[in-house]
Amino acid sequence: MKSLTMQWEKIFGINCLCAIVLMVTSCNESNVADLPEQKAFVLSETMMKMINLDTVIESQVQGVLNLNGKIVADENRLVEIFPIVGGNVISISVELGDYVKKGQTLGVIRSGEVAEYDRQLKDAQSDVAVAQKNLEVKKDLLASKLISEREMVEANKELEKAEAGLKRIQETFSIYGFNTNSEYHLKSPINGFVINKKINRDMTLPSGHDESVFTIAELNEVWAIANVYESDISKIKPGMDVVISTLSYPGEEIRGKIDKIFNVLDTDTKTMKVRMKIHNEDLKLKPEMIATTRVLFNEAKVLPSVPASAIIFDRSRQFVMVFSDRYNIETREVEVYKSSADRAWISSGLNPGEIVISKHQLFIYDALND
């Protein structure tokens, strides 16, 4: 009897335990059902501070024409120096790329032609001395009434003529840098940089040398010359905005305008040249640097546009992250009509007024689409 009682107590205990478990499970399920729905992705406060939000706006589509060219010296700020006499080059005091000042001696040439000018100078000085002496004699004779006034006037004219001849030869010496040692001094007529040099010490220059030996240029303003292919000539107009970049300074952009269109085609390349003036106070730009020019022009189309950085390229498709709030961010496929360095125009997929993420959006894209 005692054994039967213990069996019934054991069965009762097991039933009670099962009932308790069922009650707890039922309560937990009820509590879970009462909890609010959890979001799949929420943008953290830290990420909110890192991203950029941009509103989609309608704007005129901006076309870009890419041209190749180079930096050259401004021809209005450039001087070529030619030797006016032949002879032996005895010294050169500057090198290619040096900065020189106006009147600075660049080189010295000893020349037989200068020796001839030196002889003419001595003859002119002698003529003046003779004419002055003759005038003094004439004055004494006139005072003694041994000559007429007419002879006195003639003596004055002879002195004036001799002085004019001396002044002319002295100015020749001054202009061309001659001296009495039969030397010709090549001097710079402007402040600037030596951008071309075709003379060396101990060279012999023939008389009548017709090639420049130095080219001096001011480089605080330079030109960018670009080549336009025949198919693009109709798109080019004076005053168009351009963005110029060089291999030497990647990432640096120089803005300017088309200053001149050379309305002829190069017979070899079949291209037309255009020119842009560039301020170059920091002297970064050097002649013959390769320059890439982007010509900016407006098309007739007006389309929704976003910063170019907002576009995500993945699997040969283009997407943007459309932002409603930190809980609602949509990955949306778009069709890009055209893009520039800083702007993209959308032909389908976005409407003006919507907001897109344009910075660090790739992290969000990966989180939502993995």
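Model, not experiment: these values are computed from the prediction.

Enquirer: Can you lay out the packing of aromatic side chains for me, pointing to particular residues and giving the numbers?
Expert: Summed over all chains, the structure comprises two aromatic pairs. With a centroid separation of 5.7 Å and an interplanar angle of 40 degrees, the aromatic rings of Phe319 and Tyr365 are classed as tilted. Within this pair, whereas Phe319 is found in strand E17 (residues 317–325), its partner Tyr365 is found in helix H5 (residues 361–369), the two being separated by 46 residues in sequence. No difference in accessibility class separates Phe319 from Tyr365, as the two residues are buried. Just above the ring of Trp223 sits the side chain of Arg275; from NZ or CZ to the centre is 4.2 Å. Positioned over the ring face of Tyr249 is Lys284, at 5.1 Å from the centre of the ring.

Enquirer: Hey, could you go over the nonpolar core for me, with residue numbers and the actual values?
Expert: Grouped together as the largest cluster of nonpolar side chains are 31 residues, with contacts concentrated most on Leu106, Tyr184, Leu186, Ile199, Phe214 and Ile216. When residues in this core are grouped by element, the largest group, seven residues, is from helix H4 (residues 149–176). Residues in contact with Phe214, not counting those within four places in the same chain, are Val79, Glu80, Ile81, Ile92, Val94, Leu106, Leu186, Val194, Asn196, Lys197 and Ile199.

Enquirer: How would you explain a nonpolar patch on the surface if you had to name every residue and give the values?
Expert: There is a patch of nonpolar side chains on the surface, built from Ile84, Ile175 and Tyr176 and spanning about 280 Å² of accessible area. Looking at the secondary structure, you find Tyr176 in helix H4.

Enquirer: Give me the sheet that holds strand E6 (residues 105–110): which residues, what numbers.
Expert: In space, the four strands of this open sheet follow the order E7-E6-E4-E9, with antiparallel pairing throughout. Edge strands, defined here as strands with exactly one partner in the open sheet, are strand E7 (183–187) and strand E9 (204–205). Two strands pair when backbone bridges link them, and E6 and E7 are joined in this way by five bridges, in the antiparallel orientation. Each bridged residue has a counterpart across the sheet, and for Ile109 the counterpart in E7 is Tyr184.

Enquirer: Can you tell me about the side chain of Glu299, naming the residues and giving the values?
Expert: Within the fold, Glu299 resides in strand E15 (residues 290–307). Within the structure, Glu299 has its side chain in polar contact with the side chain of Lys338 (distance 2.2 Å). Once residues lying within four places of it in the same chain are set aside, the contact partners of Glu299 are Gln60, Val61, Gly63, Tyr337 and Lys338.

What counts and how
Residues numbered from 1 in each chain as written. Predicted model: local features only at pLDDT ≥ 70, side-chain atom pairs only at ≥ 80, totals over all residues. Heavy atoms only, no water. Phe/Tyr/Trp six-rings, centres within 6.5 Å; stacked < 30°, edge-to-face > 60°. Helix = DSSP H or I, 4+ residues; strand = E, 2+ residues; numbered from the N terminus. Buried < 20%, exposed > 50% of the residue type's maximum accessible area, 1.4 Å probe, protein only. Lys NZ or Arg CZ within 6 Å of the ring centre and 35° of its normal. Core = buried A, V, L, I, M, F, W, Y, C linked by side-chain atoms within 4.5 Å. Contact = heavy atoms within 4.5 Å. Patch = residues over 30% accessible without salt bridge, like charges linked within 9 Å, V, L, I, M, F, W, Y side chains within 5 Å. Areas by Shrake-Rupley, 256 points an atom, 1.4 Å probe, with all protein chains shown as cover. Salt bridge = Lys/Arg side-chain N within 4 Å of Asp/Glu carboxyl O. Pairing = 2+ DSSP bridges. Polar contact = N/O pair within 3.5 Å; in protein donor to acceptor, adjacent residues only side chain to side chain.

In short, the description is geometric, and any link to function would need to be established separately.
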